[in-house]
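Close look at the chain arrangement
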Amino acid sequence: MTTTEPETRLPKRGPDPVQGIGMLIGLLFLVLGALELMPGVSVGEAPARTLFGVFAVSGAWTLVHLLTGAAAVFCTRSSRAAARFLIIAGACYAVVGLAGLLPLPRAVTDTLPLNTAGICLALALGTAMLILGAGWRWRRPERRR
């Protein structure tokens, strides 16, 4: 009789931390978009609507938040896609925050209203997403086989 070596199986790894962060951010955006649709949470009329009486919102912002959340949840299938999403979406939100500091045409501010709280949130969230995504890409974890 010949003896055979038992199969060596590597333990199954769970999702990478960047995937969890991407999922968390995606769910945050989905909840934010859903809250913007609720009449009791959004206060005011169309041009001056605010979320919780603090953040300026509009129909376009609601669509942006829902699409961002859906994209984030979709991109958490792999760590590479999640890191890329965090970098790209973080850069977009940081640019939106920086653009909010500039005097913009009325057509832009009517479609995507930004107040001071919204600018600070966009800058903070964009910067955090950039740091998390770029930090993960820079780290370049080795693949275990």
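Parameters at a glance
- Residues numbered from 1 in each chain as written.
- Predicted model: local features only at pLDDT ≥ 70, side-chain atom pairs only at ≥ 80, totals over all residues.
- Heavy atoms only, no water.
- Helix = DSSP H or I, 4+ residues; strand = E, 2+ residues; numbered from the N terminus.
- Buried < 20%, exposed > 50% of the residue type's maximum accessible area, 1.4 Å probe, protein only.
- Contact = heavy atoms within 4.5 Å.
- Expected span 1.5 Å × (residues − 1).
- Arc of directions from axis to C-beta.
- 1 Å grid on protein atoms, 1.4 Å probe; cavity = no way out; pocket = protein on both sides within 12 Å on 5 of 7 lines; lining within 4 Å.
- Points joined across faces, edges and corners; volume = space filled by probe spheres on them.
- Nonpolar A, V, L, I, M, F, W, Y, C, P; charged D, E, K, R; others polar.
- Core = buried A, V, L, I, M, F, W, Y, C linked by side-chain atoms within 4.5 Å.

**Here we look at the overall build of the chain**
A tally of regular secondary structure across the chain gives five helices and three strands. Listing each helix as α and each strand as β along the chain from the N terminus yields α-β-β-β-α-α-α-α. Counting every position in the chain, which comprises 145 residues, the buried fraction comes to 30%. Within the chain, contacts between residues separated by at least 24 positions form 72% of all contacts whose residues are at least 6 apart in sequence.

**Digging into helix 1 (residues 17–37)**
In this model helix 1 runs 31 Å from its N-terminal to its C-terminal C-alpha over 21 residues, within 8% of the 30 Å that 1.5 Å per residue would give. Turning to helix 1, its buried residues are Val18, Gln19, Gly22, Ile25, Gly26, Phe29, Gly33 and Glu36. Seen along its axis, helix 1 keeps its buried residues to an arc of 130°; they face one direction. For helix 1, the exposed residues set more than 90 degrees away from the buried face come down to Pro17 and Leu24. For helix 1, the secondary structure elements touched by its buried residues are strand 1 (42–43), strand 2 (50–51), helix 2 (59–75), helix 3 (79–100) and helix 5 (116–139).

**Quick look at the layout of surface pockets**
Empty space within the second largest pocket amounts to approximately 270 Å³. As for the second largest pocket, its lining consists of 17 residues, and the residues nearest its centre are Leu32, Phe55, His65, Gly118 and Leu121. By residue class, the composition of the lining of the second largest pocket is 14 nonpolar, two polar and one charged.

**Describing helix 2**
Its 17 residues place the ends of helix 2 24 Å apart at the C-alpha level, agreeing with the 24 Å of an ideal helix rising 1.5 Å per residue. For helix 2, the full list of buried residues reads Trp61, Thr62, His65, Thr68, Gly69, Ala72 and Cys75. The elements touched by buried residues of helix 2 are helix 1, strand 3 (55–56) and helix 3.

**Notes on the nonpolar core**
With 15 residues, the main nonpolar core has Val18, Ile25, Phe29, Phe85, Leu86 and Met129 as its most contacted residues. Of all the elements in the fold, those that place two or more residues in this core are helix 1, helix 2, helix 3 and helix 5. Per-element accounting of this core gives the leading share, six residues, to helix 3. Each residue touching methionine 129, except ones within four places of it in the same chain, is listed here: Ile25, Phe29, Phe85, Leu86, Ile87, Ala89 and Gly90.

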